[in-house]
Amino acid sequence: MAGDLFITVIGNVTEDPEQRFTRSGKSVTTISVAQNTRVFDRQSNEWKDGDVVFMRCVIWEDMAENAVDSLRRGMRVIVYGKLKQRTYDTADGEKRWVNELLVDSIGPDLRYAVAKVAKLDRRAVDPRDNDAVAQPSAQTDDAPTEDRELVGVGTDDQPPF
């Protein structure tokens, strides 16, 4: 973690998420997020669009599948992750650089949208069963508190909500 550059990008998804699978079967989804600035022009006394930064975001495994199910083109999102730069050679032998954001967290920007969250019940999935799929939990925020089981509080297994 030392020396890694973590950033937060708030912007709009420019196209529907694209999901692929590695040779080993891991899910990877990519999206592009456009973040543009607004600049106040004192001469015209109005706000104008400034420069746009497009950030390619790479999302892995369970979060990749959740992103495909949840995100669509045009949605305003908040993305947090590690900024990485990698190089590759083109067919013409030219060296190219690309910046990517390896996503740790992503979600809708609730300033501009309403989201209905369905918590996944990962305890119902046997980790040794490669064909199993985590299902949304029937538990909602308005369920009685005594019916809720606080599993993994204080650990990284389950968030405490």
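Report on the accompanying structure. (Residues numbered from 1 in each chain as written. Predicted model: local features only at pLDDT ≥ 70, side-chain atom pairs only at ≥ 80, totals over all residues. Heavy atoms only, no water.)

### Observations concerning unusual backbone geometry
Convention followed: Strands are runs of DSSP state E lasting at least 2 residues, helices are runs of H or I lasting at least 4, and numbering of each runs from the N terminus. When a residue's accessible area, from a 1.4 Å probe over protein chains only, is under 20% of the maximum for its type it is buried; when over 50% it is exposed; and in between it is partly exposed.
With a phi angle near 60°, Asn-45 is a residue other than glycine that sits in the positive phi range. Tracing the chain through its elements places Asn-45 in the loop between strand S3 (27-41) and strand S4 (46-60). The phi dihedral of Glu-61 falls on the positive side, at around 55°, and the residue is not glycine. Note on placement: Glu-61 falls in helix H1 (residues 61-70). Owing to a relative accessible area of 40%, Glu-61 belongs among the partly exposed residues under this scheme.

### Structural notes on the pairing of strand S6 (residues 95-108)
Condition: Any two strands between which DSSP finds at least two bridges are classified as paired.
The sheet contact formed by S4 and S6 spans three bridges and is parallel. The residue of S6 that forms the bridge with Arg-56 is Glu-100. Bridge analysis of strand S5 (residues 76-89) against S6 gives 13 bridges, and the strand direction is antiparallel. Bridging across to S6, Thr-87 finds its partner in Trp-97. Between the end of S5 and the start of S6, which pair antiparallel, lie five residues, with Gly-93 showing a positive phi angle near 85°.

### Observations regarding the pattern of salt bridges
The cut-off we apply is this: Each salt bridge in this description consists of a side-chain nitrogen of Lys or Arg and a carboxyl oxygen of Asp or Glu lying within 4 Å of one another.
Evaluation of the coordinates by the stated rule reveals nine salt bridges. Across the salt bridge formed by Arg-20 and Glu-18, the nearest N and O atoms sit 2.3 Å from each other. Accessibility expressed as a relative area gives 51% for Arg-20, which makes it exposed. For Arg-56, the salt bridge identified is with Glu-100, shortest N-O distance 2.8 Å. Here Glu-100 lies in strand S6 and Arg-56 lies in strand S4, a separation of 44 residues in the sequence. Relative accessible area serves as the criterion here: at 36%, Arg-56 is assigned to the partly exposed category. Shared partners join several salt bridges into a network, and the residues in it are Arg-56, Arg-86 and Glu-100.

### Looking at the packing of aromatic side chains
Here is the rule we go by: Pairing of aromatic rings covers Phe, Tyr and Trp, the last through its six-membered ring, and needs centres within 6.5 Å; plane angles under 30 degrees mean stacked, over 60 mean edge-to-face, and all others mean tilted.
The final tally for this structure, using the stated rule, is two aromatic pairs. Here Phe-6 and Tyr-80 contribute two aromatic rings whose centre-to-centre distance is 5.7 Å and whose plane-to-plane angle is 15°, an arrangement assigned as stacked. Taken together, the residues span a long stretch of sequence, with Phe-6 in strand S1 (residues 5-13) and Tyr-80 in strand S5 at a distance of 74 residues. You can call Tyr-80 partly exposed: its relative accessible area is 35%. Ring plane angle 65° and centroid distance 5.3 Å describe the contact between Phe-40 and Trp-47, whose orientation is recorded as edge-to-face.

Limitation: the analysis is restricted to geometry and does not speak to function.
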